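For reference, the chains in residue letters:
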Amino acid sequence: MSDEKAFQHLYHHLSNEARERLPNSMKTFLRTVEDAPQLISLANGKPPYIAMSDCDPHSTLYPLAQVDYHIPAVSTLGSITSWLDRTAPTQKLSAHNGTGESTIDLAVAMQYGTGLGLSILREQLTQINKLLHSPHQSTRSVILTMGNADAVTKIYRLLGSPGDTFLVEEYSFCGLTNAPIAQGVRWQPVRIDAMGLIPEELEKVLSTWDESRGRRPHVLYCIPTGQNPTGATLPVERRRAIYAIAQKYDLIIIEDDPYNFLQYAENIAPVPNKPNGPASEIVAQFVESTIPSFLSMDVDGRVIRCDTISKTFAPNMRLGWITTNALFCRKLEILTDNSTQHPHGLGQSLLSEILAPTGWGTEGYLLWVWGLRNEYERKRNIFFQTFKNEIGENGHASTKLPIAGMFFWIKIHILDHSRFKIVGSPSEHGPKTNTKELLDELFTKCVNNGVLVMPGALFAMQATDGFVNASSAREEHILDRPYFRMTFVGSDETITQGLKIFGKSLREFFQED
C-alpha cells in the first residue's frame with residue numbers, strides 16, 4: 001500500500017477541486033526518472049540529462065558562475081548584539097554553477113523542478129521538524145511554499161468547496177481569512193480569551209451545529225502561538241483539548257505558526273545576552289522552552305502545519321514549508337505543479353547552504369533564532385514598561401504581556417468615555433453601542449498626532465452566512481469590543497516615541513466633551 005493510500009480515511013476532507021485536478025503529466029513523468037543519474041534523456045533539459053526536445057535552458061547558459069552570501073559567523077550566534085552594531089565577523093557561503101562544490105549546485109537550484117521543492121532542502125527542514133516537533137509517522141511529508149500566505153491559501157483550495165464552513169478564532173489575520181470567501185467558503189468564528197481559542201466554545205459550535213447551514217465544519221484554521229492580532233498563545237492543555245475535539249468531530253487543523261520560534265518568558269526579567277554551554281545543550285534548552293505544537297500531538301494525519309522563515313530570516317525571502325500527511329502533500333504538489341510552481345531557486349539555495357554543515361547547520365540556525373528571540377523579548381519588555389509609564393496602571397487603556405509573537409492587544413476603556421452610549425436593544429443582532437464610532441475618532445486622532453495603530457475591528461470575524469443564534473444576540477457584539485493591535489518589533493525609539501504619542505492622543509480623546 002502506498003503512503004497516499006494509507007490516508008484514504010481522510011479523502012472525504014478534500015475539496016471538489018482537489019479531487020478533480022489532474023496531475024501535471026510532464027512533472028509526473030519526470031518524477032519517475034529523477035533518481036536515475038546515469039540516464040541519458042532526450043526528454044528534458046534538467047541536469048544530469050542530455051536534452052533535445054524541451055525549452056529548459058541548459059545550466060551552462062545561465063549567466064551565473066557563483067553566488068556568494070555573507071552571513072554572521074557561526075561563532076557569534078546566540079547573540080545578535082555585535083550584528084546589530086555591525087561589528088560582527090561574517091562568513092561566506094558560496095553556491096557554484098556546475099562544479100559540485102555546493103550543497104545544491106546552481107545548475108540544479110536554478111532549473112525547473114517539481115512542486116515539492118528541492119529534495120536536499122526538504123530533508124534539512126525535515127530534520128528541523130524532527131528536532132522541534134518529533135512528528136508521528138502519519139504527518140512527516142514536507143512540501144516547500146512561498147511563505148505562509150501561499151501555504152494557507154493553497155490549503156484552503158485543498159479542503160474547501162462552495163458551501164463549506166470553516167472554523168476560525170473570532171479575531172484573525174484578515175490578509176488570509178479573506179482568501180477562501182471567493183471560493184464559496186464561509187467562516188464561523190469561535191470565542192477566544194487572553195489564552196487563545198477556548199476549547200469549550202469550539203465544542204459548543206460543533207455539537208450544536210444547525211445542519212440547515214450546510215455540513216458541519218470540518219476545518220479549523222488557527223494561529224496558536226503569538227496569535228495575530230491578539231498576541232495570545234494557547235497553553236499546552238488547551239492544545240491537547242482542541243486536538244481531542246478535532247478527533248471527536250473529525251476536524252482538520254490548519255496550524256499556521258509563523259511565530260513559533262519567538263516565544264518569551266512569562267514575566268519581565270533581564271534577557272540573557274548569550275546562552276552558555278555547548279550548542280547541543282543550548283538547542284535542547286530552546287526546544288524544551290517552546291510549547292508543544294499540534295503537529296507534535298497528531299497521530300491521525302489531521303494536522304497541516306505551516307512554517308516560514310519570514311520572521312526569523314527575512315520576510316521577502318518568501319520561503320516556508322508545509323508538513324502534512326502523504327495524501328494531502330501529494331494533492332498540494334499537484335496544485336503547485338499546475339499553478340505557482342516551486343519556490344525560487346536562489347532562496348532554496350541560500351537556505352540550504354545555511355542549514356548545511358558548511359554553513360550554520362541546524363544547531364547554528366537555532367542559535368541564531370535564540371539570539372533573535374532574546375532581542376524581540378527585550379523589545380517586548382521595553383514596550384510593556386513604556387506603556388505602563390505613559391498610560392499608567394489605572395489609565396484609559398490596558399494590555400497583557402504576550403509570551404510569543406510580535407503584538408500587544410490594547411483594550412481601550414471606552415466605558416469611561418463621556419460620549420459612550422447604548423444605541424441598540426438587547427434583542428438586536430448587530431452592535432449595541434457606539435464603540436466603533438468612538439474608536440474611529442481615536443484612530444484619527446492618533447494618525448493626526450503622528451502614530452499609526454491598527455483598529456481591532458479590522459480583524460473581527462463574523463459568520464459570513466449572516467447566521468446569528470438566539471444566545472449570541474444577547475452577547476456582546478464583536479464590534480462593541482474596544483481593541484487596537486500594536487507591534488513591538490520596531491526600533492527602541494519607535495516604541496518609546498510611538499507610545500508617548502499614543503498616550504497623549506488617549507488623554508486628549510478622553511478629555512473631550
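Above this text sits the structure in question.
Residues numbered from 1 in each chain as written. Predicted model: local features only at pLDDT ≥ 70, side-chain atom pairs only at ≥ 80, totals over all residues. Heavy atoms only, no water.

K.L.:
Hey, could you run me through the overall build of the chain in this one?
P.N.:
When its secondary structure is counted, the chain shows 17 helices and 15 strands. The globule rule puts the C-alpha radius of gyration for 513 residues at 24 Å, and the 25 Å found for the chain is close to it. By its C-alpha atoms, the chain is 80 × 60 × 40 Å across when sized along the principal axes. When the 513 residues of the chain are sorted by exposure, 54% land in the buried category. When the accessible surface of the chain is summed, it comes to about 22400 Å², and 55% of that surface belongs to carbon and sulfur atoms. (Helix = DSSP H or I, 4+ residues; strand = E, 2+ residues; numbered from the N terminus. Rg over C-alpha atoms; globule rule 2.2 N^0.38 Å. Buried < 20%, exposed > 50% of the residue type's maximum accessible area, 1.4 Å probe, protein only. Areas by Shrake-Rupley, 256 points an atom, 1.4 Å probe, with all protein chains shown as cover.)

K.L.:
Quick question: what am I supposed to make of the nonpolar core here?
P.N.:
Inside soluble globular proteins, nonpolar side chains tend to come together where they are buried. Counting 97 residues, the largest nonpolar core has Leu 159, Ile 410, Ile 412 and Phe 502 as the members making the most contacts within it. Take this core: its biggest share by element is 12 residues, from helix α14 (residues 361-391). Those residues in contact with Ile 412 that lie beyond four places of it in its chain are His 396, Ala 397, Leu 439, Leu 442, Pro 482, Phe 484, Phe 502, Leu 506 and Phe 510. By size, the runner-up hydrophobic cluster in this structure holds 28 residues, among which are Leu 197, Val 205, Leu 251 and Leu 295. (Core = buried A, V, L, I, M, F, W, Y, C linked by side-chain atoms within 4.5 Å. Contact = heavy atoms within 4.5 Å.)

K.L.:
Which parts of the structure should I look at to understand the sheet that holds strand β14 (residues 454-455)?
P.N.:
Two pairing modes exist for strands in a sheet, parallel and antiparallel, and in both the strands are linked by backbone hydrogen bonds. Across the sheet, which stays open at both edges, the four strands sit in the order β12-β13-β15-β14 with antiparallel pairing between neighbours. Edge strands, defined here as strands with exactly one partner in the open sheet, are β12 (397-398) and β14. Relative to strand β15 (residues 483-487), strand β13 (residues 407-412) runs antiparallel, the two being bridged by five bridges. When the sheet's bridge partners are listed, Phe 408 is paired in β15 with Met 486. Strands in contact with α14 are β12, β13 and β15; relative to β13, the strand with the most contacts, it is inclined by about 20 degrees. The strands touched by helix α17 (residues 492-511) are β12, β13 and β15; relative to β13, the strand with the most contacts, the crossing angle is about 15 degrees. (Pairing = 2+ DSSP bridges. Axes fitted to C-alpha atoms, helices over the stretch in contact; angles between N-to-C directions.)

K.L.:
Explain the environment of Gly 78 here, please?
P.N.:
Its place among the elements puts Gly 78 in the loop between β1 (66-72) and α3 (81-84). Separated by 371 residues in the primary sequence, Gly 78 and Asn 449 place their C-alpha atoms 39 Å from one another.

K.L.:
Which parts of the structure should I look at to understand the side chain of Thr 386?
P.N.:
On the secondary structure map, Thr 386 appears in helix α14. Among the residues examined, Thr 386 registers a relative accessible area of 12% and is labelled buried. For Thr 386, the side chain forms a polar contact with the main-chain oxygen of Ile 382, separated by 2.7 Å. Once you skip the residues sitting within four places of it in the chain, Thr 386 turns out to touch Thr 496 and Leu 499. (Polar contact = N/O pair within 3.5 Å; in protein donor to acceptor, adjacent residues only side chain to side chain.)

K.L.:
I keep staring at the sheet that holds strand β9 (residues 252-256) and nothing clicks. Help me out?
P.N.:
An order of β3-β11-β10-β9-β8-β4-β5 is seen for the seven strands of this open sheet, with the pairing classed as mixed. Lying at the two open borders of the sheet, with one neighbouring strand each, are β3 (141-145) and β5 (186-190). Put simply, the sheet's adjacent strands are angled 20 degrees from each other on average, direction ignored. Sheet analysis places β3 next to strand β11 (residues 320-324), joined by five bridges and oriented antiparallel. Within β11, the residue paired with Ile 143 across the bridge is Ile 322.

K.L.:
It is not clear to me how the packing of aromatic side chains should be interpreted in this structure. Could you clarify?
P.N.:
Aromatic rings considered in pairs are described by the distance between their centres and by the relative angle of their planes. With the rule as written, the count across this model stands at 19 aromatic pairs. When the ring of Tyr 259 is compared with that of Phe 407, the centres are 5.9 Å apart and the planes differ by 80 degrees; the resulting orientation is edge-to-face. With Tyr 259 in the loop between β9 and α10 (279-289) and Phe 407 in strand β13, this residue pair connects regions lying 148 residues apart in the sequence. Assigned by exposure class, Tyr 259 and Phe 407 land together as buried. When the ring centre of Trp 83 is taken as origin, the NZ or CZ atom of Arg 86, which lies over that ring, is 5.8 Å away. It is Arg 373 that lies over the ring of Trp 370; its NZ or CZ is 5.1 Å from the centre. (Phe/Tyr/Trp six-rings, centres within 6.5 Å; stacked < 30°, edge-to-face > 60°. Lys NZ or Arg CZ within 6 Å of the ring centre and 35° of its normal.)

K.L.:
Explain the pairing of strand β10 (residues 303-308) here, please?
P.N.:
Each regular strand shows side chains that alternate between the opposite faces of the sheet. Counting buried positions along β10 gives six out of six residues, so the element sits mostly inside the fold. Direction of pairing for β9 relative to β10: parallel, over a ladder of four bridges. The partner of Ile 254 across the bridge, within β10, is Ile 304. Direction of pairing for β10 relative to β11: antiparallel, over a ladder of four bridges. Its bridge partner being in β11, Arg 305 is matched across the sheet by Thr 323.

K.L.:
Got a minute to help me understand the packing of helix α5 (residues 119-133) against α14 in this structure?
P.N.:
Each pair of packed helices gets described by two things: the angle between the helix axes and the distance between those axes. Contact geometry of α5 with α14 gives a least axis separation of 10 Å together with a crossing angle of 60 degrees. The pairing of α5 with α14 is recorded here as oblique in orientation. Judged by the twist between their axes, the crossing of α5 over α14 is right-handed. Of the residues in α14, those touching α5 at Ile 128, Leu 131 and Leu 132 are Thr 362, Tyr 365 and Leu 366. A breakdown of the residues in the contact of α5 with α14 according to their chemical character gives five nonpolar, one polar and no charged. (Parallel < 35°, antiparallel > 145°, perpendicular 65-115°, else oblique. Left-handed = near helix turned anticlockwise from the far one by under 90°. Nonpolar A, V, L, I, M, F, W, Y, C, P; charged D, E, K, R; others polar.)

K.L.:
What is the right way to look at the environment of Gly 392 in this model?
P.N.:
On the secondary structure map, Gly 392 appears in the loop between α14 and β12. Spatially, the C-alpha atoms of Gly 392 and Gly 503 are 9.3 Å apart, while their sequence positions differ by 111 residues. Filtering out sequence-adjacent residues up to four positions away, Gly 392 remains in contact with Phe 387 and Ala 397.

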